[in-house]
Amino acid sequence: MKYIFTFLFVTTLININAQQWVTKKYSYDSTMNVTYGTAINFNGRIDTLRMDIYEPDCGNTSLTLKKPLMIWIHGGAFLAGSKNEASISNLCKQFAKRGYITASIDYRLGFVSDDAAWNCNFPNYSCIFAGDSAEWIRAWYRGVQDAKGALRYLVNRSSQFKIDVNNIFVAGESAGSLISLGVGLLDTIIERMPQTFAIGALANPNNNALNCTYNVNQTFTSSNVPRPDLGGIEGIIEPTIISYTIKGIGNNYGAMFSNLLRYNQIAHTKPAIYSFHQPCDIVVPIDSGLVYQGLSWCMTNGYNCYAIKNTAKLYGSRAFSNWNTNNNYGYTIHNEFTSTAFPYSFLFGTGSCADQVNNPCHAYDNSTLRENNLANFFAPLISASAMCDTTSTTGIELFEKKSKFLMYPNPVVNILNVLVKQFDEGTLKISTILGLPVKEISLKQDRTEIDLTAFSRGIYYVTFTNKYGSSSSSKIIKY
């Protein structure tokens, strides 16, 4: 009986701790457009890479402990998308409300487009043709390097953000899932794919592709685009000496370009994997197949177009789950697969090409359900304590507490307009560049006019502090 009681007691503690990371009980602050590094893109140009960070707040900083970190990575076929994608920013907020530090990241986009003049009555048709299949793998690899750098950026500032570096999670959608799997599983040089080393140059893209999102502002100055060695699997952004552990991967309709389960660093923790995928997915096959395999069928059987050329082979969620089972790799993988397969019909049936215009299978069937299921799957993996005393959060409202304000015009001659977003009462202070206070105003309305006629010419600092104690600062130039 003693042993049974001990088991039940420990199990209860685990369940209570796990529930902490499922229930939404916190407000959050956000810091947007934080530069975490730079890297060379597919055309030899330097891209500046940024992230948005969301921090939970229980309202009592003296009780705040270290928190798990979750990085969310957007999709877009490695060619489009951003950290500002609505679904990604929403997921960051929802997991911040559960107590995670969350971040959405940008990463290098684009590949060398084909030099043929592909044309079809289908949106951005020429943009999805790469110069060869290696370009897909190189685009993925650059994304993995960037995401690993973003993770290390936060690990290196774990004291600042109160991150528990032994409880890290990475998740994504579509291409973001491919990158997430790479971040969590590409951990030895043996797994580096040969296409990521220096390979032959490709001809410049055809003019049909120059308006593609990833080619805008690119200049192709010679007759071809070199393809140098892309460097090591970790990339060069934010090296760290701090050890950290990736506990879990959220794979939402993603895949692998190669078997990343087979090799594992000695003593390296195998992250648990949550997978959601629909068998009727025509972009990323749930089993093995080419990128856009189903879409290519739709192109040739309904749109009277060419099949999409130069795509790479993928191993979808069900394929690598089967690898794990059949080879006893030992990963914990939780699969949530729907039942409808692609019917290979253009007009008729659930999952047909026409049906997927409004009901895409390369998407969630129920985004709220999948978000909650992911939270429930990750929660028992977290070894951190609750970040706050749970009694201190009773009844707390879930909203963004960070103060935000806009000022215009700037430079200003006489009248400065101050606009407070998501308005709460607060105090505006204006100080000289030496920090001497010159004006303090209590704001009671959304837009306030401040007369600066009597101010001397120069630079002034303006700080707005809302009723929750969160402050934002900026500077103005008075003419």
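Whatever comes next refers back to the structure up there.
Just so you know, these numbers come straight off a predicted model, no measurement behind them.

Rules used in this analysis
- Residues numbered from 1 in each chain as written.
- Predicted model: local features only at pLDDT ≥ 70, side-chain atom pairs only at ≥ 80, totals over all residues.
- Heavy atoms only, no water.
- Helix = DSSP H or I, 4+ residues; strand = E, 2+ residues; numbered from the N terminus.
- Buried < 20%, exposed > 50% of the residue type's maximum accessible area, 1.4 Å probe, protein only.
- Contact = heavy atoms within 4.5 Å.
- Areas by Shrake-Rupley, 256 points an atom, 1.4 Å probe, with all protein chains shown as cover.
- Phe/Tyr/Trp six-rings, centres within 6.5 Å; stacked < 30°, edge-to-face > 60°.
- Lys, Arg positive; Asp, Glu negative; His and termini not counted.
- Salt bridge = Lys/Arg side-chain N within 4 Å of Asp/Glu carboxyl O.
- Polar contact = N/O pair within 3.5 Å; in protein donor to acceptor, adjacent residues only side chain to side chain.
- Disulfide = S-S within 2.5 Å.
- Core = buried A, V, L, I, M, F, W, Y, C linked by side-chain atoms within 4.5 Å.

K.L.:
Which residues make up the overall build of the protein, and what are the values?
P.N.:
The number of helices and strands found in the protein is nine helices and 20 strands. Across the 479 residues of the protein, 53% fall into the buried class. Put simply, 76% of the contacts in the protein that link residues at least 6 apart link residues at least 24 apart. Accessible surface for the protein amounts to roughly 21700 Å². Of this, 52% is attributable to carbon and sulfur atoms.

K.L.:
I'd love a proper account of the packing of aromatic side chains, names of residues and values included.
P.N.:
In the structure shown here, the tally under the stated rule is 27 aromatic pairs. Ring geometry for Trp-118 versus Phe-129: centroids 4.3 Å apart, planes at 10°, classification stacked. You can see Trp-118 sitting in the loop between strand E4 (101-105) and helix H3 (134-155) and its partner Phe-129 sitting in the loop between E4 and H3, a full 11 residues away along the chain. With relative accessibility at 0%, the residue Phe-129 sits in the buried group. Relative to Phe-377, the ring of Tyr-274 has its centre 6.2 Å away and its plane inclined at 45°; by these criteria the two rings are tilted.

K.L.:
Describe the side chain of Asp-164, with residues and values.
P.N.:
Within the secondary structure, Asp-164 sits in strand E5 (residues 163-173). For Asp-164, which is buried and forms no salt bridge, the nearest opposite charge comes from Lys-66, at a distance of 6.5 Å. Polar side-chain contacts of Asp-164 include one of 3.0 Å to the backbone nitrogen of Asn-166. Every residue in contact with Asp-164, bar those within four places of it in the chain, is listed here: Lys-66, Lys-67 and Ala-384.

K.L.:
Got a sec to walk through the state of the cysteines? Specific residues and values, please.
P.N.:
Using the criterion set out here, one finds four disulfides in the structure. Linked covalently through their sulfurs, Cys-127 and Cys-212 form a disulfide whose S-S length is 2.0 Å. Here the S-S torsion is close to -95°, and the disulfide linking Cys-127 with Cys-212 is therefore left-handed. In this pair, Cys-127 sits in the loop between E4 and H3 while Cys-212 sits in the loop between strand E6 (199-203) and strand E7 (224-227), placing the two residues 85 residues apart along the sequence. Residue Cys-212 is classed as buried on the basis of its relative accessible area, which comes to 3%. One disulfide bridge connects Cys-280 with Cys-361, the sulfur atoms lying 2.0 Å from each other.

K.L.:
Give me the lowdown on the nonpolar core, citing residues and values where you can.
P.N.:
Formed by 91 residues in total, the largest nonpolar core has its most connected members in Met-51, Trp-136, Trp-140, Leu-154 and Phe-257. Here this core gets 12 residues from one element, more than from any other, and that element is H3.

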